[in-house]
Amino acid sequence: MSVTAPQGFEAAGVAVGLKSTGKPDVAVVVNRGPLKVGAAVFTSNRAKANPIMWSQQVVQDGVVEAIVLNSGGANCFTGSFGFQTSHLTAEKAAELLGVSAGDVLICSTGLIGTGDEVFRAKVLAGTEQGIAELSADGGEAASLAIMTTDSRPKRSVFAGDGWTIGGMAKGAGMLAPGLATMLVVITTDAVLTAEQADAALRQATGRTFDRLDSDGCMSTNDQVTLMVSGASGITPDAEAFAAALAEVSQDLAKQLQGDAEGASHDITILVQNAATEEDAVEVGRSVARNNLFKAAIFGNDPNWGRVLAAIGTTQAAFDPYDVDVWMNGVRVCSQGGPDAPREDVNLTPRATDLIIDLKVGAASATILTNDLTHDYVHENSAYSS
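Residues numbered from 1 in each chain as written. Predicted model: local features only at pLDDT ≥ 70, side-chain atom pairs only at ≥ 80, totals over all residues. Heavy atoms only, no water.

Visitor: Residues and numbers for the pattern of salt bridges, please.
Guide: Applying the stated criterion across every chain yields a total of 18 salt bridges. A salt bridge links D150 to K154, with the shortest nitrogen-to-oxygen separation between them at 2.6 Å. Taken as a pair, D150 and K154 share a single burial class, namely buried. Residue E277 is joined to R207 by a salt bridge in which the shortest nitrogen-to-oxygen separation is 2.9 Å. Placement of the pair is E277 in helix α7 (residues 277-288) and R207 in helix α5 (residues 194-207), with a sequence separation of 70 residues. Through salt bridges with shared partners, a single network forms among D322, D324, R331, D339 and K359. (Salt bridge = Lys/Arg side-chain N within 4 Å of Asp/Glu carboxyl O. Buried < 20%, exposed > 50% of the residue type's maximum accessible area, 1.4 Å probe, protein only. Helix = DSSP H or I, 4+ residues; strand = E, 2+ residues; numbered from the N terminus.)

Put into structure tokens, the structure is as follows:
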């Protein structure tokens, strides 16, 4: 049920022709609970889509009544007309729900530059149709409507002690960090203040979605939203809620990694014994964005030399001649030199584990990425056609 698993939420997903396939392309999630708390994090890309610029204004007061999302068009680089489209969409939803347009978030995903008069008319029609079809069982339909190149929907639910968290996500390409890495809506019926919701979301996002770096390409439309209904009447322990939110976020991030465009390997990079967590992240990300390493994994080649070459480009503290590297449980590099034979490493499974031991401290970080495949290049070369 994803976003409608918690009490106090209704959702819908409808098809209005934004996608040439005729599949659902507009989703609506509405908070019917006693609390209308909302928090969100956004792409740090300076090139921001119109829905992002609208939603950044909406979320400032910590009040969110509803969110409208569309696939089939990014409404990015469509000028003032596109921003007005986001505004009109919020006004349409507000009119039908009896709320303020300033409390309605907007998200769009799809091809950049799409957002003309036809797009606007379809989004407005989808908003009206979606609100007419809202139901407490609509979470599944909503998760289908936000998909673009996704091969499957991403949903997650956590059952707490009398309270629940539910979430849905979309994303298969342009997955790189910038506070958010895709479109995600997370709901909860726990009782939280706006400040608590914002803090918990930023903490969870920083350790999960922000560490998914599938292809190094940051989108213009990325947004992760948390909506709080308070319908359970239960105020959870702050640390317990934060841990649960991080668990849901990590689950969704792993699902996004597993559906990355064209990927044949899901690579988990653990950098351990770093001087600082920031160093560990920098080192992990340098490998995750190294096309030579990613191509090697596609070819099932445990080329640890490409790992050391990648981390050598960072400013992290370490001695290149005192680094150990493991691939799928086999130490292939010890103290910056060869260790176990490459033939001992089996890289045929989709799940690929890389451990980098810097031996200079006690900090660690995990980065999620994928290999670089022919299918990824083909899919992205043909995406707009």
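So much for the structure itself; the text now carries on.
Visitor: Describe the pairing of strand β4 (residues 66-70), naming the residues involved and giving the relevant values.
Guide: Residues in a regular strand point their side chains to alternate faces of the sheet. With five of five residues buried, β4 is to be regarded as a mostly interior element. Alternating positions in β4 separate into two faces, A66, V68 and N70 on one and I67 and L69 on the other, with burial throughout. As defined by bridge partners, strand β2 (residues 26-31) adjoins β4 across five bridges and the pair is classed as antiparallel. Residue pairing for β4: A27 is matched across the bridge by L69. Examined bridge by bridge, β4 and strand β5 (residues 104-108) share five bridges and lie parallel to one another. The residue of β5 that forms the bridge with A66 is V104. Remark: the β4/helix α2 (residues 79-97)/β5 crossover connection has right-handed handedness. (Pairing = 2+ DSSP bridges. Right-handed = clockwise from strand over helix to strand, strands pointing away.)

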